[in-house]
Amino acid sequence: MKIKMMTYNIQSGHNLQRDRDVRHAVNTIHAENPDILNLNEVHHCTELCENGKCQAEQIAEALGYPYVRFGKAIDHMGGQYGNALLSRFPILESQVFPIPGISQEEKKACVWPEDRSHMRNVLDINGREIVVLSVHYGLNPPEQKNAVAETLRLSEKENRPLVFLGDLNMEPDNPLLAPVFAALSDTAEKGEGSMLTYPSDEPTGKIDYIFQKGFETLRSYVPVSADSDHRPVAAVLELEEK
């Protein structure tokens, strides 16, 4: 069975011109129509959420996704801020795993240190269970080192097909990211065209990823869009035989 995955940092609903409206993200997502969608930089019940509907719920309602889960990273603006998963398949389990924090001494040397988290969801794909692990890594090496260790801890114990995706804030040649490349397959190996994702108008870096194990990657690509400061990443995967 083929499954289309997508990961997208929506910059809290801002487009590249800093106009805030989640309909920007809706337009880009609608054009790609993924089956399973990870969102980074999502507001949940904050002052930015309109009409009493949180951002992930607004997007899900606009595009007809029946299953939505939010994973908190931090408290923010009277609500919460973090990652979200939208799915056309049932979500059986959803858990949030905070990434271990760094010391106060390490924070002194960091730019914009921030608590982050993984969100682990188990999905039912026509009777088969898969695990989707979503994340948004921090900006600083001490944070990234802890995040990679947590990614490996969560992914290595899984014997079901797994997708790991999100904004990792690191280029592929960053040595801190090497253990992830060793443990999982980067779908960009089947990439079509440029796989650069940031900044969205004229991207020069690849910092958004979809990794997998237990699937075959059929294709991967980066849609052209300036509806956020990032471009999304999409991948078509096929479940391998048991």
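Above this text is the structure in question.
Another aspect to go through is the packing of aromatic side chains. Counted according to the given criterion, the structure contains 5 aromatic pairs. Between the aromatic rings of Phe181 and Phe211, the centroid separation amounts to 5.1 Å while the plane-to-plane angle is 80 degrees, which identifies the pairing as edge-to-face. Of this pair, Phe181 sits in helix α5 (residues 178-183) while Phe211 sits in strand β11 (residues 208-213), and the two are 30 residues apart along the sequence. Overall, the relative accessible area of 0% leaves Phe211 in the buried class. Each member of the aromatic cluster is reached from another via a ring pair, and the members are Tyr137, Phe164, Phe181, Tyr209 and Phe211.

Another point: unusual backbone geometry. For the bond running from Tyr198 to Pro199, omega is -10 degrees, close enough to zero to count as cis. Despite not being glycine, Glu41 has its phi angle at roughly 60 degrees, a positive value. Phi is positive for Asn169, which is not a glycine, with a value near 55 degrees.

What follows deals with the nonpolar core. One finds Ile3, Met5, Ile36, Leu123, Ile125, Ile130 and Val132 to be the most contacted residues of the largest nonpolar core, which totals 21 residues. Mapped by element, the contributors of at least two residues to this core are β1 (2-9), β6 (117-125), β7 (128-136), β8 (162-167) and β13 (233-239). Tallying contributions element by element places β13 first for this core, with 4 residues.

The next point concerns the pattern of salt bridges. For the structure on display, the rule yields 10 salt bridges. With a shortest N-O distance of 3.5 Å, Arg120 and Glu93 are connected by a salt bridge. Here the residue Arg120 occupies a position in strand β6, and Glu93 occupies one in strand β5 (residues 91-98), the gap between them amounting to 27 residues. Classification of Arg120 as buried rests on a relative accessible area of 8%. The salt bridge partner of Lys206 is Asp186, with a shortest N-O separation of 3.7 Å. Here the residue Lys206 occupies a position in the loop between β10 (191-192) and β11, and Asp186 occupies one in strand β9 (residues 185-186), the gap between them amounting to 20 residues. Note on accessibility: Lys206 and Asp186 belong to one class, buried. Within the structure, one salt-bridge network assembled from shared partners comprises Glu93, Arg120, Glu129, Glu158 and Arg160.

One can find Pro66 in the loop between α2 (55-63) and β3 (67-76). Put simply, Pro66 and Pro90 are 24 residues apart on the chain and 8.1 Å apart in space, counted from C-alpha to C-alpha. Apart from residues lying up to four places away in sequence, Pro66 is in contact with Ser87 and Arg88.

Let us look at empty space enclosed by the protein. Under the criterion given, the structure shown has 2 cavities of 30 Å³ or more. Estimates place the volume of the largest cavity at around 50 Å³. Taken together, Glu41, Ala73, Tyr81, Gly82, Asn83, Glu114, Arg116 and His136 make up the lining of the largest cavity. Here the lining of the largest cavity takes 3 residues from strand β4 (residues 79-87), the largest share from any one element. For the lining of the largest cavity, the per-class residue count stands at 2 nonpolar, 3 polar and 3 charged.

Now for the environment of Phe211. A sequence separation of 121 residues divides Phe211 from Pro90, and the C-alpha atoms of the two residues are 21 Å apart. Apart from residues no more than four positions distant in its own chain, Phe211 is found in contact with Leu162, Val163, Phe164, Leu168, Val180, Phe181, Leu184, Ser185 and Asp186.

What counts, and at which threshold
Residues numbered from 1 in each chain as written. Predicted model: local features only at pLDDT ≥ 70, side-chain atom pairs only at ≥ 80, totals over all residues. Heavy atoms only, no water. Phe/Tyr/Trp six-rings, centres within 6.5 Å; stacked < 30°, edge-to-face > 60°. Helix = DSSP H or I, 4+ residues; strand = E, 2+ residues; numbered from the N terminus. Buried < 20%, exposed > 50% of the residue type's maximum accessible area, 1.4 Å probe, protein only. Core = buried A, V, L, I, M, F, W, Y, C linked by side-chain atoms within 4.5 Å. Salt bridge = Lys/Arg side-chain N within 4 Å of Asp/Glu carboxyl O. Contact = heavy atoms within 4.5 Å. 1 Å grid on protein atoms, 1.4 Å probe; cavity = no way out; pocket = protein on both sides within 12 Å on 5 of 7 lines; lining within 4 Å. Points joined across faces, edges and corners; volume = space filled by probe spheres on them. Nonpolar A, V, L, I, M, F, W, Y, C, P; charged D, E, K, R; others polar.

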